[in-house]
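Structural features, examined
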Amino acid sequence: MDNVDLNVLRQITQWLAAGHRVVLGTITRTWGSAPRPPGSTVAVRDDGLIAGSVSGGCIEDDLIDKARGGVLAAGVPQVIRYGIDADAAHRFGLPCGGLIELVLEPVLPRTRLDELLQRLADGQRVRRVLSLASGEVSLQPPTDTDELELSDATLTTHHGPHWRLLLIGAGQMTQYLAQMGTALGYQVIVCDPREEYAEGFAIDGATLLRTMPDDTVRELRVDGHTAVIALTHDPKLDDLALMEALTSEAFYVGAIGSRANQAKRRERLMEHFGISAAQLDRLHGPVGLKNGARTPPEIAVSILAEVTAVRYGFRVPEPVAVKAQAGVEAGCVS
């Protein structure tokens, strides 16, 4: 669940507290071209007010009409489909004859929404199982998979942080990366054993660890849903993290610093830590897309843009300079 859908759940609690009836809609399957992926949510209030999105507006209009007509916020969950044929696709604005399947559930005490939000606030991952026959909800420990599952009897969804962002160093750059990473739905973990940096670090939603970087990478059991970025400029710390991250299953490993320093780093890691050339080829350094970024927040944007591209299987080529100022070396080059 990303932050957009988490905000939908929070909005529902406010509407309920104000005395409204609310229906929660979850995309369960799509065919053809669909605007939003499975798992995306929308909440519809009894007076037609809406939060979230499942189609960019077209299906929401129909849900609003149904809510105002009083046909949504009662009974048990129901499975509905939009865009089954070409005429319906045109009516609801679904491109290329796309099809969207939704589960609509009235939000009642049996939905256990407050308990779910509390667990998410505690940083837990939760497996939520909805009975389609009764509307009862069971909150269970997560499993190895986070796939949404719809059967004849239940809808199973997974909530809470699944993708992790491990940042080595608690400096200024890390503050921006931690804030942006949290907004993107990552579980953000910051590692810095240095007292002078860690003492004043506090970002809502980020966890600060004071352990050594190599120990941290091992103890977190870095997997294919984890990005590791070294940001201290101190080889004693950055190299410790990188030597563990490059031999792990991390989907992204990056390090800040100039091209010259990256070359020296590669030599050190190969000579002193036995990191192979193939493993070193996984290292993104200088870290981030080359987009001319100069300030810490700009560089943070470029880093997370590259992390996002790698996560979704894209390789962004080197940019082409089209203005004279683009020839000036940008970013963190020390």
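Residues numbered from 1 in each chain as written. Predicted model: local features only at pLDDT ≥ 70, side-chain atom pairs only at ≥ 80, totals over all residues. Heavy atoms only, no water.

**Some details on the overall build of the protein chain**
Of the regular secondary structure elements, the protein chain holds 11 helices and 15 strands. When burial is assessed residue by residue, the protein chain has 45% of its 334 residues classed as buried. Taking contacts inside the protein chain between residues at least 6 apart in sequence as the whole, the part at least 24 apart equals 60%. Accessible surface, the protein chain: about 16,300 Å² in total, of which carbon and sulfur atoms supply 52%. (Helix = DSSP H or I, 4+ residues; strand = E, 2+ residues; numbered from the N terminus. Buried < 20%, exposed > 50% of the residue type's maximum accessible area, 1.4 Å probe, protein only. Contact = heavy atoms within 4.5 Å. Areas by Shrake-Rupley, 256 points an atom, 1.4 Å probe, with all protein chains shown as cover.)

**Brief notes about the nonpolar core**
Counting residues in each nonpolar core, the largest one holds 24 residues, and the members touching the most others are L165, L167, L177, I229 and V307. Going through the elements one at a time, β10 (164-168), α5 (172-183), β11 (187-191), β13 (226-230) and α11 (296-311) are the ones with two or more residues in this core. Of all the elements, α11 adds the most residues to this core, at five residues. When sequence neighbours within four positions are dropped, the list of residues in contact with L167 reads T174, L177, A178, V188, I189, V190, C191, I229 and L231. With 22 residues, the next largest nonpolar core counts L240, A241, L246 and V253 among its residues. (Core = buried A, V, L, I, M, F, W, Y, C linked by side-chain atoms within 4.5 Å.)

**Some words on the pattern of salt bridges**
Here the structure, examined in full by the defined rule, presents 19 salt bridges. The closest approach of N and O atoms between D239 and R268, which form a salt bridge, is 2.7 Å. You can see D239 sitting in helix α8 (residues 235-245) and its partner R268 sitting in helix α9 (residues 259-273), a full 29 residues away along the chain. When its relative accessible area of 24% is taken as the criterion, R268 is described as partly exposed. Here R259 makes a salt bridge to E318, at a shortest N to O gap of 3.8 Å. Of this pair, R259 sits in helix α9 while E318 sits in the segment after α11; the two residues are 59 residues apart in sequence, bridging distant segments of the chain. One continuous salt-bridge network, built from bridges that share partners, spans D238, D239, R265 and R268. (Salt bridge = Lys/Arg side-chain N within 4 Å of Asp/Glu carboxyl O.)

**Examining the packing of aromatic side chains**
Using the criterion set out here, one finds one aromatic pair in the structure. For the ring pair W163 and F251, a centre distance of 5.3 Å and an interplane angle of 90° mean the geometry is edge-to-face. Placement of the pair is W163 in the loop between β9 (154-159) and β10 and F251 in the loop between α8 and β14 (252-255), with a sequence separation of 88 residues. Its relative accessible area of 17% is what places F251 among the buried residues. A cation sits over an aromatic face here: R194 above Y197, 3.8 Å from the ring centre. One residue, R311, lies across the ring of W163, its end atom 4.1 Å from the ring centre. (Phe/Tyr/Trp six-rings, centres within 6.5 Å; stacked < 30°, edge-to-face > 60°. Lys NZ or Arg CZ within 6 Å of the ring centre and 35° of its normal.)

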